[in-house]
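So the chains spell out like this:
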Amino acid sequence: MNAQTFSARVEAVKARARGHWPAILLHLGLDEKMIVRRANMPCPMCGGTDRFQFTDKYDEGNYHCRHCGPGGGFKLAQAATGMDFNAVLQAVERYLGLERLPPRTGAEPSAERMKKLVQRIWNEARPITPGDEAGKYLFSRGFALKAYPTVLRFHPSLGYFEKDGEGKSRKIAEYPAMIASVQAIDGSMVSLHRTYLLDGKKLAAQDAKKLLSPGVCGAAIRLWPPSPELALTEGIENAIAVHLATGKP
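Computed from a predicted structure; not experimentally measured.

**A short note on the overall build of the chain**
Of the regular secondary structure elements, the chain holds 8 helices and 10 strands. The C-alpha atoms of the chain give a radius of gyration of 19 Å, which matches the 18 Å a tight globule of 249 residues would have. Dimensions of the chain, computed from the C-alpha atoms along their principal axes, are close to 55 × 45 × 40 Å. Counting every position in the chain, which comprises 249 residues, the buried fraction comes to 36%. For the chain, long-range pairs separated by at least 24 residues make up 48% of all intrachain contacts whose partners lie at least 6 apart in sequence. For the chain, the exposed area adds up to about 14,400 Å²; of that, 53% sits on carbon and sulfur atoms. Charge centroids of the chain, computed over 34 positive and 25 negative side chains, lie 1 Å from each other.

Structure below.
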């Protein structure tokens, strides 16, 4: 990729990410106190004790450090995660659904095969209970639910895949996971969202949360039946928090 093409790619990601940096940075594993509460903290770049604050002032993941100055989401993500710029760029592209996919070949799963895979994984899973890994994970996030949404299930041992140097996905491990049904407008299940877990907490991995397949524009995880007033959020945990606080589906 030449410099001009790469620059255009970066600018396109920056434009798409604008206004979404808090969710992106949380997805990348940054401290919730830093991003959500925006507390004064040590600077990921230069240390200190309380010289750093995340502001998102211009919707670009903005922060300010009284010692090393201001910066944006990409620089913050690099400092906090240890990833280089290219790795952060690719992670943001994946989160925003802009990931550059390799050309389709006959070996790739067809739509019908993907549909069967989604259904097979869903059938392997079971309703969440307070004692399983998914129930413990939700409780650790502060959610004491009397009943769990039926679109969420617990899978005791779900394959975890990473791409190799050739861009092929290979299974490297199996972990417990909370899976969520992603439904089209007609209510049919078109994909699954997977939150990989370990010891009742989110797996400490770059891609602990993954969508099983692309092409789900217009679909959603519908946690509760709709009412005249509906709450929309970017994450399952955010949605549960809003529901518990307001009663809105």
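**Brief notes about the side chain of His 155**
Position of His 155 among the secondary structure elements: in strand β6 (residues 152-163). The buried category is assigned to His 155, whose relative accessible area is 5%. Engagement of the side chain of His 155 in a polar contact is seen with the side chain of Glu 124, the distance being 2.8 Å.

**Topic: the packing of helix α1 (residues 3-17) against helix α5 (residues 85-96)**
For any two helices packed against each other, one specifies the inter-axial angle together with the distance between the axes. Across the interface, α1 lies against α5 with an axial gap of 10 Å and an inter-helix angle of 50°. Considered as vectors, α1 and α5 are oriented oblique to each other. Between α1 and α5 the crossing geometry is left-handed. Here Phe 6, Arg 9, Val 10, Val 13, Arg 16 and Ala 17 of α1 lie close against α5, whose contacting residues are Phe 85, Asn 86, Leu 89, Gln 90, Val 92, Glu 93 and Leu 96.

**What about the sheet that holds strand β3 (residues 63-65)?**
Strand order across the open sheet formed by 4 strands is β1-β2-β3-β4, with antiparallel pairing between neighbours. A strand with exactly one partner marks an edge of an open sheet, and here the two such strands are β1 (41-43) and β4 (69-71). Strand-to-strand twist across the sheet, computed as the mean angle between neighbouring axes with direction ignored, equals 45°.

**Describing the pattern of salt bridges**
With the rule as written, the count across this model stands at 9 salt bridges. Residue Arg 9 is joined to Glu 93 by a salt bridge in which the shortest nitrogen-to-oxygen separation is 2.8 Å. Of the two residues, Arg 9 is situated in helix α1 and Glu 93 in helix α5; the sequence distance between them amounts to 84 residues. Glu 93 shares its class with Arg 9; the two are buried. The shortest N-O distance in the salt bridge between Glu 32 and Arg 141 comes to 3.9 Å. Taken together, the residues span a long stretch of sequence, with Glu 32 in helix α3 (residues 32-35) and Arg 141 in the loop between α7 (133-140) and β6 at a distance of 109 residues. On the accessibility criterion, Glu 32 (39% relative accessible area) is partly exposed.

**Some remarks on the environment of Thr 5**
Among the structural elements, Thr 5 can be located in helix α1. Note on Thr 5: relative accessible area 40%, which makes it partly exposed. C-alpha of Thr 5 to C-alpha of Pro 176: the two residues are 171 residues apart in sequence and 40 Å apart in space.

**Description of α7**
Looking only at α7, the buried set comprises Glu 133, Ala 134, Gly 135, Tyr 137 and Leu 138. Of the surrounding elements, those touching the buried residues of α7 are β6, β7 (169-183), β8 (189-198), β9 (201-202), β10 (209-211) and α8 (236-246). Put simply, Asp 132 is the residue that caps the front of α7, since its side-chain oxygen is 3.1 Å from the backbone nitrogen of Ala 134. Positive phi appears at Gly 142, one or two residues downstream of α7, with a value of about 95°.

**So, the pairing of strand β2 (residues 47-54)**
Pairing analysis gives 2 bridges linking β1 to β2, with the strands arranged antiparallel. In the sheet register, Cys 43 faces β2, and the bridge partner there is Gly 47. If you look at the hairpin formed by β1 and β2, you'll find 3 residues sitting between the two strands. Note: β2 against β3, 3 bridges, orientation antiparallel. Bridging from a neighbouring strand, Phe 52 pairs with Cys 65 of β3.

**Examining the environment of Leu 230**
Relative to the helices and strands, Leu 230 resides in the loop between β10 and α8. For Leu 230, a relative accessible area of 48% puts it in the partly exposed group.

What counts, and where the lines are drawn
In this convention, every chain numbers its residues from 1, walking through the sequence in written order. pLDDT decides what is reported in this predicted model: residues at 70 or higher carry local features, side-chain atom pairs at 80 or more are listed and counted, and totals for whole chains, interfaces and linings draw on all residues regardless. As a rule here, side-chain values come from all non-hydrogen atoms in the structure, and water together with hydrogens is ignored. Numbering of helices and strands runs from the N terminus, with a helix taken as a DSSP run of H or I at least four residues long and a strand as a DSSP run of E at least two residues long. Here the radius of gyration uses the C-alpha set of atoms, whereas the globule reference equals 2.2 Å times the residue count to the power 0.38. A simple rule labels every residue: compare its accessible area, found with a 1.4 Å probe on the protein chains alone, to the largest value its type can have, and call it buried under 20%, exposed over 50%, or partly exposed in between. By definition, residues are in contact when any of their heavy atoms lie within 4.5 Å. Accessible surface is estimated by sampling points in the Shrake-Rupley manner with a 1.4 Å probe; for residues, cover comes only from the protein chains shown. When charges are counted, Lys and Arg contribute as positive and Asp and Glu as negative, whereas His and the chain ends are disregarded. Each charge is placed at NZ for Lys, CZ for Arg, CG for Asp and CD for Glu. Counted as a polar contact is a pair of N or O atoms within 3.5 Å, where, for protein atoms, one must be capable of donating a hydrogen and the other of accepting one, and residues adjacent in sequence contribute only when both atoms are in side chains. Note on definitions: angles span 0 to 180 degrees between N-to-C directions of axes, and those axes are lines fitted to C-alpha atoms, for helices only across the stretch in contact. Note that the term roughly parallel is reserved for angles under 35 degrees, roughly antiparallel for angles over 145, roughly perpendicular for angles of 65 to 115, and oblique for everything else. Left-handed describes a crossing in which the near helix is turned anticlockwise from the far one by less than a right angle; the clockwise case is right-handed. Two strands make a pair as long as DSSP finds a minimum of two bridges between them. Between Lys or Arg on one side and Asp or Glu on the other, a salt bridge is scored when a side-chain nitrogen of the former is within 4 Å of a carboxyl oxygen of the latter.

Honestly, that's just the spatial picture; any functional story needs more than this.
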